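A look at the structure
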Amino acid sequence: MISMKSVNKHFGALHVLQEIDLEVPRGQVVIVLGPSGSGKSTLCRTINRLEPIDSGEIAVDGKVLPAEGKALAALRADVGMVFQSFNLFAHKTILDNVMLAPVKVRKKSSADAKAKAYELLERVGIANQADKYPAQLSGGQQQRVAIARALAMNPKVMLFDEPTSALDPEMVNEVLDVMTSLAKEGMTMLVVTHEMGFARKVGHRVLFMADGQIVEDAEPATFFTAPKSERAKDFLGKIL
Ligand code: ADP
Ligand code: MG
């Protein structure tokens, strides 16, 4: 579902992604771990071309991502992304936040988009907040709206970049629960997270990144009990 071949990305002199090769099959939940600055966010952002790459190839569902143009917009719509900061449109209602892209990008009718938006808001447990504005919701609720908004585009892949890092602790689980149910339904997911319980329970695979490289690629049980590299051992020693 996601294929990266020899992907390189620089920020000036910084070689932030170094010859990244990655194949993610349909339905796999991949947890991305690694110290701050190791390139986790950049990896996510290149997959839907929020960041251009310098060389290599990225394909989603067998379609190579072009650098720009209409085809890029269509392919980007196949990849949903949820960020640490919820990035909702502050001046739009919750319902409008979820309806907007399907109407503008997918050219759905307003009635269809609305029905789908309610269904998704129901699914993330906040249909009763549909007419409110983002600032009237808690952080956990806003992040669930952000997930509903991404799902409204019928993405083939969902990328989550530290989706619970900005939340108060009591709201973390309501977001992880939504992600867990998505995973159970077979969504292909790449999840940057420090939530180790989620990583062990829901992840099929752990990538450990350091200095722009994937240093380890293992099943969660293996990675957490027997990390191979010193970098991973050091990292786990700090967070567990
Ligand atoms: P992580 O998500 O693992 O913390 P990032 O992918 O955000 O790491 O960043 C990797 C490296 O790239 C860091 O050193 C960061 O400072 C740098 N970086 C990220 N985005 C930019 C940018 N837009 N311009 C310049 N440097 C950047
Ligand atoms: Mg990051």
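Just above, that's the structure.
Below, the structure is looked at part by part. Keep in mind the model is a prediction, meaning the values are calculated, not measured.

Looking at the overall build of the chain
In terms of regular secondary structure, the chain is built from 9 helices and 10 strands. The C-alpha atoms of the chain give 18 Å as radius of gyration, which agrees with the globular expectation for 240 residues (18 Å, within 12%). Over its C-alpha atoms, taken along the principal directions, the chain stretches across nearly 55 × 40 × 30 Å. Expressed as a percentage of its 240 residues, the buried residues of the chain come to 53%. Of the contacts formed within the chain by residues at least 6 apart in sequence, a portion of 65% connects residues at least 24 apart. Averaging the locations of the 29 positively and 28 negatively charged side chains of the chain gives two centres separated by 5 Å.

A short note on the pattern of salt bridges
Taken as a whole and judged by the stated rule, the model has 13 salt bridges. For the salt bridge of Lys 9 with Glu 51, the shortest nitrogen-to-oxygen distance reads 3.4 Å. Of this pair, Lys 9 sits in strand 1 (residues 2–11) while Glu 51 sits in the loop between helix 1 (40–47) and strand 4 (55–60); the two residues are 42 residues apart in sequence, bridging distant segments of the chain. The pair formed by Lys 9 and Glu 51 is uniform in burial state, with each residue classed as buried. Measuring nitrogen to oxygen at the nearest pair gives 3.7 Å for the salt bridge that ties Lys 63 to Asp 78. Taken together, the residues span a long stretch of sequence, with Lys 63 in strand 5 (residues 63–64) and Asp 78 in the loop between helix 2 (70–76) and strand 6 (79–82) at a distance of 15 residues. Lys 63 sits in the partly exposed class, given a relative accessible area of 36%. For Asp 78, a relative accessible area of 7% translates into the label buried. Through salt bridges with shared partners, a single network forms among Arg 26, Asp 61, Lys 63, Asp 78, Arg 106 and Lys 156.

Points about the sheet that holds strand 9 (residues 205–210)
Sheet strands line up and pair through hydrogen bonds in the backbone, either parallel or antiparallel. If you trace the 6 strands from one edge of the open sheet to the other, you get 6-7-8-3-9-10, paired in mixed fashion. Unpaired on one side and paired on the other, strand 6 and strand 10 (213–218) mark the two borders of the sheet. Averaged over neighbouring strand pairs, the angle between their axes works out to 20° when direction is ignored. Pairing geometry for strand 6 and strand 7 (residues 157–161), over 4 bridges, is parallel.

Here we look at the side chain of Thr 164
Mapped onto the secondary structure, Thr 164 falls in the loop between strand 7 and helix 6 (169–184). By relative accessible area, Thr 164 is classed as buried at 6%. When near neighbours in sequence (up to four residues on either side) are disregarded, Thr 164 contacts Val 172, Val 175, Leu 176, Thr 193 and Glu 195.

Some remarks on the site of ligand 1
With respect to spatial proximity, the complete set of residues near ligand 1 consists of Phe 11, Leu 14, Val 16, Pro 35, Ser 36, Gly 37, Ser 38, Gly 39, Lys 40, Ser 41 and Thr 42. The separation between an oxygen atom of ligand 1 and a polar main-chain atom of Ser 38 is 3.2 Å. A distance of 2.6 Å separates an oxygen atom of ligand 1 from a polar side-chain atom of Thr 42. For ligand 1, the protein covers 58% of the area, taking 560 Å² as the surface of the free molecule. Broken down by secondary-structure element, the contributors of at least two residues to the shell around ligand 1 are strand 2 (14–24) and helix 1. The greatest single-element share of the shell around ligand 1, amounting to 3 residues, is contributed by helix 1. For the shell around ligand 1, a count of residues per class yields 4 nonpolar, 6 polar and 1 charged.

Here we look at the packing of helix 3 (residues 94–104) against helix 5 (residues 139–151)
Orientation of helix 3 relative to helix 5, taken along the N-to-C sense of each, is 25°, at an axis distance of 8 Å. It follows from the interaxial angle that helix 3 and helix 5 lie roughly parallel. In the packing of helix 3 onto helix 5, the handedness of the crossing is right-handed. Facing helix 3, whose interface residues are Ile 94, Asn 97 and Val 98, helix 5 presents Val 145, Ala 148 and Arg 149. Residue composition of the contact of helix 3 with helix 5, grouped by class: 4 nonpolar, 1 polar and 1 charged.

Conventions adopted
Residues numbered from 1 in each chain as written. Chains lettered and ligands numbered in written order. Predicted model: local features only at pLDDT ≥ 70, side-chain atom pairs only at ≥ 80, totals over all residues. Heavy atoms only, no water. Helix = DSSP H or I, 4+ residues; strand = E, 2+ residues; numbered from the N terminus. Rg over C-alpha atoms; globule rule 2.2 N^0.38 Å. Buried < 20%, exposed > 50% of the residue type's maximum accessible area, 1.4 Å probe, protein only. Contact = heavy atoms within 4.5 Å. Lys, Arg positive; Asp, Glu negative; His and termini not counted. Charge placed at Lys NZ, Arg CZ, Asp CG, Glu CD. Salt bridge = Lys/Arg side-chain N within 4 Å of Asp/Glu carboxyl O. Pairing = 2+ DSSP bridges. Axes fitted to C-alpha atoms, helices over the stretch in contact; angles between N-to-C directions. Near = heavy atom within 4 Å. Polar contact = N/O pair within 3.5 Å; in protein donor to acceptor, adjacent residues only side chain to side chain. Areas by Shrake-Rupley, 256 points an atom, 1.4 Å probe, with all protein chains shown as cover. Nonpolar A, V, L, I, M, F, W, Y, C, P; charged D, E, K, R; others polar. Parallel < 35°, antiparallel > 145°, perpendicular 65-115°, else oblique. Left-handed = near helix turned anticlockwise from the far one by under 90°.

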